[in-house]
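Each chain is listed here by its residues.
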Amino acid sequence: MEPTDLSARVFQNAVGALELYTMYLGERLGYYRALADGGPLTPAELASRTGTAERYAREWLEHHAAAGLLDMAEPGRYLLPEEHIPVLADSSSLLFATSMSVELVRAARRLGDVVDAFRTGGAPPPMTWEPEGRWPSNKPVFMNLLGQQWLPAIPDVHKRLSTSARVADIACGLGWSSIAMALAYPEITVHGLDLDAQAIESAARSADESGVSDRVRFSAADAATGLDGPYDLVAIIEALHDMSHPVAVLAAARKSLADGGFVLVIDERTDPEPTMPASQREQYLYGWSVISCLPDAMDAPDSAATGTVMRPETVRRYAAEAGFATIEMLPVGADKWSFYLLSD
Ligand SMILES: C[S@@+](CC[C@H](N)C(=O)[O-])C[C@H]1O[C@@H](n2cnc3c(N)ncnc32)[C@H](O)[C@@H]1O
């Protein structure tokens, strides 16, 4: 790449980074919701509806109008265009993207510790979720696609879940995948597990509010030791690459299966082979890997240290080492995700 092109690229990235920081403010301060619910608004109106200072609100509105994220309804009055609402203001939408700004700011706060981890080879102190709170980034995908499209696209799994099957949801985080599966398949019971006790408390509350707490239970536990089966299906969603000991977890999952049961691994879709330069998606995955997923997985001396870019060959190796005889990559049409079905 020519130096002038590289310099222009860095500048463009800086514009994008600053836009994401302003999005973080918009999300945290409730600006997007206020504009979506009551817009168009003047700076004074936005400030008074959100309990913020008018001069700051004006600068934020001017930035967002300059960036093309807001329109002017009339001079001094700002409008969130209808088509921007799903992306910026509606957290239930599949297009919602403001959460990315929250995750990037959160990750940046810990970069000093990551610098140290690069030097020692260890892990940084665990991520603290406050003050933003842990974000259910995958909730729209789980509530709209997991039970409606993804699982029905896997005939053997769909058939089994259409009866009174027992399901384990390993590394379930805030529990939305467990809840979504229970809502989609009214006869199943689900056991969600995660190391994060606070996430598990929140998951139990969400199950209650969603009316499925009679069929969904949660445990704060390490999946390598906390499974009590037998399960017809063990799901591991966007988590295998995060685990320090993925083979131990897969082996425990295999041991916990009922006769003819399956382990379903859903994880980030990567290119099958490395390419240089790689696709934007793979660049994005590597970015997260460097600043977050790999450092977090380095918390054990004998960590598998997988990183976010977990290619099919790696999943196949882990599954074979865990004793699975059959490892099938499934043609579920989801562009950001890969699906693997493991069985004996
Ligand atoms: C990227 S999050 C994904 C959470 C959830 N599956 C989702 O898609 O929203 C990865 C999760 O894996 C959990 N985790 C990592 N290793 C684990 C283990 N050995 N046992 C249980 N949970 C684990 C972490 O606590 C974290 O909540």
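Analysis parameters
- Residues numbered from 1 in each chain as written.
- Predicted model: local features only at pLDDT ≥ 70, side-chain atom pairs only at ≥ 80, totals over all residues.
- Heavy atoms only, no water.
- Patch = residues over 30% accessible without salt bridge, like charges linked within 9 Å, V, L, I, M, F, W, Y side chains within 5 Å.
- Areas by Shrake-Rupley, 256 points an atom, 1.4 Å probe, with all protein chains shown as cover.
- Salt bridge = Lys/Arg side-chain N within 4 Å of Asp/Glu carboxyl O.
- Helix = DSSP H or I, 4+ residues; strand = E, 2+ residues; numbered from the N terminus.
- Pairing = 2+ DSSP bridges.
- Axes fitted to C-alpha atoms, helices over the stretch in contact; angles between N-to-C directions.
- Phe/Tyr/Trp six-rings, centres within 6.5 Å; stacked < 30°, edge-to-face > 60°.
- Buried < 20%, exposed > 50% of the residue type's maximum accessible area, 1.4 Å probe, protein only.
- Lys NZ or Arg CZ within 6 Å of the ring centre and 35° of its normal.

Peer 1: Residues and numbers for a nonpolar patch on the surface, please.
Peer 2: Nonpolar side chains collect at one region of the surface, where Met-1, Leu-6 and Val-10 lie side by side and expose about 320 Å² of accessible area between them. Tracing the chain through its elements places Leu-6 in helix H1 (residues 3-29).

Peer 1: Lay out the sheet that holds strand S8 (residues 326-329) with the relevant residues and their values.
Peer 2: Reading across the sheet, the seven strands line up as S5-S4-S3-S6-S7-S9-S8 and stay open at both edges, with mixed pairing between neighbours. Each of the sheet's edge strands pairs with one partner strand only, and the pair in question is strand S5 (216-220) and S8. Ignoring which end each strand starts from, the neighbouring axes of this sheet average 20° apart. Pairing between strand S4 (residues 189-194) and S5: five bridges, direction parallel. When the bridges of S5 are listed, Gly-192 appears paired with Phe-218.

Peer 1: So, the packing of aromatic side chains: which residues are in play, and what are the values?
Peer 2: On inspection of all chains with the given rule, the structure shows six aromatic pairs. Between Phe-96 and Trp-135, the aromatic rings sit 6.0 Å apart at their centres with planes inclined by 15°, giving stacked as the arrangement. A residue pair is termed long-range when its members are at least 10 positions apart, and Phe-96 in the loop between helix H5 (85-88) and helix H6 (98-109) and Trp-135 in the loop between helix H7 (111-120) and helix H8 (139-150) qualify at 39 residues. Judged by its relative accessible area of 12%, Phe-96 is buried. For the ring pair Trp-150 and Phe-339, a centre distance of 5.2 Å and an interplane angle of 85° mean the geometry is edge-to-face. Taken as a pair, Trp-150 in helix H8 and Phe-339 in strand S9 (residues 337-343) lie far apart in primary sequence, 189 residues in all. Accessibility assignment for this pair places Trp-150 and Phe-339 in one class, buried. Taken together, the aromatic side chains of Tyr-31, Tyr-32 and Trp-60 make up a single cluster linked through ring pairs. The positively charged end of Lys-139 is found above the aromatic ring belonging to Trp-176, 3.9 Å away from the centroid.

Peer 1: Before we move on, can you summarise the pattern of salt bridges with the specific residues and values?
Peer 2: Taken as a whole, this structure holds 15 salt bridges when the rule is applied. The residue Glu-54 makes a salt bridge to Arg-58 at a minimum N-O spacing of 3.8 Å. Separated by four residues within a single helix, Glu-54 and Arg-58 lie in helix H4 (residues 54-66), roughly one turn from each other. Since its relative accessible area comes to 30%, Arg-58 is described here as partly exposed. The residue Glu-268 makes a salt bridge to Arg-281 at a minimum N-O spacing of 3.0 Å. Separated by 13 residues along the polypeptide, Glu-268 in strand S7 (residues 257-268) and Arg-281 in helix H13 (residues 280-297) bring together distant segments of the chain. Look at Glu-268 and you get buried, because its relative accessible area is 9%. The exposure class assigned to Arg-281 is partly exposed, which follows from its relative accessible area of 25%. By sharing partners, the salt bridges in this structure join Glu-103, Arg-106, Arg-109 and Glu-132 into a single network.

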